[in-house]
Amino acid sequence: MGTASFAVPSLAILLNNGYNIAAVITAPDKPAGRGRKVRFSPVKEFSIQNNLTLLQPDHLKDKDFIKKLTELNPDLQIVVAFRMLPRGVWEIPILGTFNLHASLLPQYRGAAPINHAIINGEKETGATTFFIDEKIDTGKIILTEKTLIHPTETAGELHNRLMNIGASLVLKSVKLIESGKVNTADQQSFIRSDIELKPAPKIFREDCKINWHQPASVVFNLIRGLSPVPAAFSTMDMTGEPEKTVKILSCSISEIKTMDKKPGDILSDGKNYLLVFCMDSAISINQLQMEGKKAMTVQEFLRGFTIEKLNRLH
């Protein structure tokens, strides 16, 4: 059960290791993009290419869907990048239903664990497989695998690494369950009074707005934690022109201190660099995207932009 690209390697590794995929459940097709053309999910595309049986229920509690699922008589259900399952679905297989989650549970339960781990400046994360129960991301842990977060790594880069780490973990979990030797651990046993549990809720547009009154390290982590999508953004205050929104996709922390600059003020030579000041120092923008434009390097941006018109970002 999966929809996004994150789920494809997990499906592929099971198929390549000889497991019989009774069916693939993925989200219904939806129109996307400016042309509103119907696009298949990455999981559906992979399933079609490999002649796998596909189910795309509008509602997971639908009686016909549950009937079809029951008739498949699955030994095990595996969930990767999908949605919350009702009890009537996850309790069907005799060996249970397990989920792959992109964090070291019980840390970062929720819809956006990769983003929040980077936004919070974590140095380590990982993947976890766990049996699904009534609540979101709270079931008994099967396996975990840790990985370091590189100091400049973006959410997109970490997503791609965890996607493959997770696929390997899914295969190991299936083999353990198949052998009857799985020893699960209660998530409660990982909770300590001296360590704060951090959530990973869904990210909304208002969460992506940059606050330049914060330290440069906080702004830097927000930008890389939201890159490439949904992307951190700011508003350009421009002389004689309406304000414009700009997404900042890549940056680095500058050694230049605040001098007499205020948060949001800029410094640029008009050719090679664009610094934006934060509370304590500045960030140097490497890649950005103006509203209605394609992503570009800061040098490309400065070649086609009159920097004198840009007063500040806010």
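Read on for an overview of the structure.

1. Description of the nonpolar core
Stage number 1. Within the largest apolar cluster, 36 residues are counted, with the highest numbers of intra-cluster contacts made by Phe6, Ile78 and Phe98.
Stage number 2. Looking at this core, the elements with two or more residues in it are helix 1 (8-16), helix 2 (42-49), strand 5 (77-80), strand 6 (97-101), helix 5 (113-119), strand 7 (124-131) and helix 6 (155-179).
Stage number 3. When residues in this core are grouped by element, the largest group, ten residues, is from helix 6.
Stage number 4. Residues in contact with Phe6, not counting those within four places in the same chain, are Val80, Ala81, Leu100, Ala102, Ile114, His159, Leu162 and Met163.

2. Side note on the packing of aromatic side chains
Stage number 1. The tally for this structure, following the rule as stated, stands at one aromatic pair.
Stage number 2. Summarising the aromatic geometry, the rings of Phe301 and Phe305 are spaced 4.6 Å apart at their centres and angled 25° between planes, so their arrangement reads as stacked.
Stage number 3. Residue class for Phe301 comes out buried when judged on its relative accessible area of 3%.
Stage number 4. By relative accessible area, which is 15% here, Phe305 ends up buried.
Stage number 5. Positioned above the aromatic ring of Phe40, the side-chain terminus of Lys44 is 3.9 Å from the ring centre.
Stage number 6. We note Arg205 situated over the ring of Phe233; from NZ or CZ to the ring centre the distance is 4.1 Å.

3. Quick notes on the environment of Phe6
Stage number 1. Inspection of the secondary structure assignment puts Phe6 in the segment before helix 1.
Stage number 2. Taking the C-alpha atoms as reference, Phe6 lies 22 Å from Pro86; in sequence the two are 80 residues apart.

4. Quick word on the packing of helix 1 against helix 2
For any two helices packed against each other, the geometry comes down to the angle between their axes and how far apart the axes lie.
Stage number 1. Two elements in contact, helix 1 and helix 2, have axes separated by 9 Å at closest approach and are oriented at 25°. Taken together, the axes of helix 1 and helix 2 are roughly parallel relative to one another. As for how helix 1 packs across helix 2, the hand of that crossing is right-handed. Listed contacts from helix 2 to Val8, Leu11, Ala12 and Leu15 of helix 1 are Pro42, Val43, Phe46 and Ser47.
Stage number 2. Here the residues of the contact of helix 1 with helix 2 sort into seven nonpolar, one polar and no charged.

5. A short note on a nonpolar patch on the surface
Stage number 1. Where nonpolar side chains cluster on the molecular surface, the patch consists of Val38, Phe40 and Ile48 and spans about 270 Å² of accessible area.
Stage number 2. Looking at where Phe40 falls in the secondary structure, it is placed in the loop between strand 3 (37-39) and helix 2.

6. Thoughts on unusual backbone geometry
Stage number 1. Cis geometry is adopted by the peptide bond preceding Pro228, which originates at Ser227 and carries an omega value of 5°.
Stage number 2. Note on placement: Pro228 falls in the loop between helix 7 (216-225) and strand 9 (232-238).
Stage number 3. Backbone geometry at Ala81 places phi at a positive 55°, although glycine is not the residue there.
Stage number 4. Mapped onto the fold, Ala81 is located in the loop between strand 5 and helix 4 (87-90).
Stage number 5. Phi at Ala231 is positive, roughly 85°, even though this residue is not glycine.
Stage number 6. Assignment of secondary structure puts Ala231 in the loop between helix 7 and strand 9.
Stage number 7. Residue classification places Ala231 among the buried residues on the basis of a relative accessible area of 3%.

7. A closer look at the sheet that holds strand 8 (residues 141-148)
Stage number 1. Reading across from one edge, 5-6-7-8 is the order of the four strands in this open sheet, with mixed pairing throughout. Each of the sheet's edge strands pairs with one partner strand only, and the pair in question is strand 5 and strand 8. Neighbour-to-neighbour, the strand axes of the sheet open up by a mean angle of 15°, direction not taken into account.
Stage number 2. Alignment of strand 7 against strand 8, held across seven bridges, turns out to be antiparallel. Residue pairing in the sheet places Glu124 in a bridge with Leu148 of strand 8.

8. With respect to the environment of Leu158
Stage number 1. By secondary structure assignment, the location of Leu158 is in helix 6.
Stage number 2. Not counting residues up to four positions away in its chain, the partners in contact with Leu158 are Ile114, Ile118, Thr125, Ile149 and Glu153.

The rules behind these values
- Residues numbered from 1 in each chain as written.
- Predicted model: local features only at pLDDT ≥ 70, side-chain atom pairs only at ≥ 80, totals over all residues.
- Heavy atoms only, no water.
- Core = buried A, V, L, I, M, F, W, Y, C linked by side-chain atoms within 4.5 Å.
- Buried < 20%, exposed > 50% of the residue type's maximum accessible area, 1.4 Å probe, protein only.
- Helix = DSSP H or I, 4+ residues; strand = E, 2+ residues; numbered from the N terminus.
- Contact = heavy atoms within 4.5 Å.
- Phe/Tyr/Trp six-rings, centres within 6.5 Å; stacked < 30°, edge-to-face > 60°.
- Lys NZ or Arg CZ within 6 Å of the ring centre and 35° of its normal.
- Axes fitted to C-alpha atoms, helices over the stretch in contact; angles between N-to-C directions.
- Parallel < 35°, antiparallel > 145°, perpendicular 65-115°, else oblique.
- Left-handed = near helix turned anticlockwise from the far one by under 90°.
- Nonpolar A, V, L, I, M, F, W, Y, C, P; charged D, E, K, R; others polar.
- Patch = residues over 30% accessible without salt bridge, like charges linked within 9 Å, V, L, I, M, F, W, Y side chains within 5 Å.
- Areas by Shrake-Rupley, 256 points an atom, 1.4 Å probe, with all protein chains shown as cover.
- Salt bridge = Lys/Arg side-chain N within 4 Å of Asp/Glu carboxyl O.
- Pairing = 2+ DSSP bridges.

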